[in-house]
Amino acid sequence: MAERLHLGEYLRLGQGAERTGERHRPSILAAGLEAVAACLYLDRGLDAARAWVREVCGPELSRPEPADAFVSAKSRLQELGYARDGRAPVYRVVRVDGPDHARHYVVEALVAGTVLGHGEGRNRRAAETQAAEAALAAMEAAGR
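Residues numbered from 1 in each chain as written. Predicted model: local features only at pLDDT ≥ 70, side-chain atom pairs only at ≥ 80, totals over all residues. Heavy atoms only, no water.

Caption draft 1: Representation of the environment of Glu-140 in the model. Structurally, Glu-140 can be placed in helix H5 (residues 124-141). Judged by relative accessible area, Glu-140 falls into the exposed class, the value being 67%. (Helix = DSSP H or I, 4+ residues; strand = E, 2+ residues; numbered from the N terminus. Buried < 20%, exposed > 50% of the residue type's maximum accessible area, 1.4 Å probe, protein only.)

Caption draft 2: Main features of the packing of helix H2 (residues 26-44) against helix H3 (residues 46-61). Taken N-terminus to C-terminus, the directions of H2 and H3 make an angle of 145°; their axes are 7 Å apart at the nearest point. The crossing of H2 and H3 is right-handed. Where H2 approaches H3, its residues Leu-33, Val-36, Ala-37, Leu-40, Tyr-41 and Arg-44 are matched on the opposing element by Leu-46, Ala-48, Ala-49, Trp-52, Val-53 and Cys-57. Residues that form the contact of H2 with H3 fall into these classes: 11 nonpolar, no polar and one charged. (Axes fitted to C-alpha atoms, helices over the stretch in contact; angles between N-to-C directions. Left-handed = near helix turned anticlockwise from the far one by under 90°. Contact = heavy atoms within 4.5 Å. Nonpolar A, V, L, I, M, F, W, Y, C, P; charged D, E, K, R; others polar.)

This is the structure we're talking about:
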């Protein structure tokens with residue numbers, strides 16, 4: 001929703017966050033959207049905040065996807081890991097390549113000690129997310 005509104009263009013960030021691309025990070029954008037809704041609530045009240053959320057977020061709120069479609073792959077994998085054997089998945093960095101300003105991470109996602117997914121990305125978090133997505137797909141394919 002925040003991406004569709006181009007909210008990142010209006011965020012005030014420090015130099016470090018600007019350099020690392022935080023302006024486009026989903027969690028930063030989501031926090032910004034929440035902050036706007038909170039400001040509306042504090043300034044204009046619940047009815048105004050509710051009306052704004054319904055207007056701005058209407059397309060996303062009217063989608064037929066289940067609520068868990070909006071949960072990150074890492075969160076879903078963690079829930080499944082705990083449900084299966086009472087432990088969270090483990091993310092293991094397999095390799096880090098490239099200079100400091102252009103790292104490339106390769107990560108494995110292990111559930112109950114078994115590697116179920118691999119991921120790659122410009123940072124550890126992106127690689128972990130990709131590995132979680134692959135692990136979820138592997139679990140679904142295996143009927144788990």
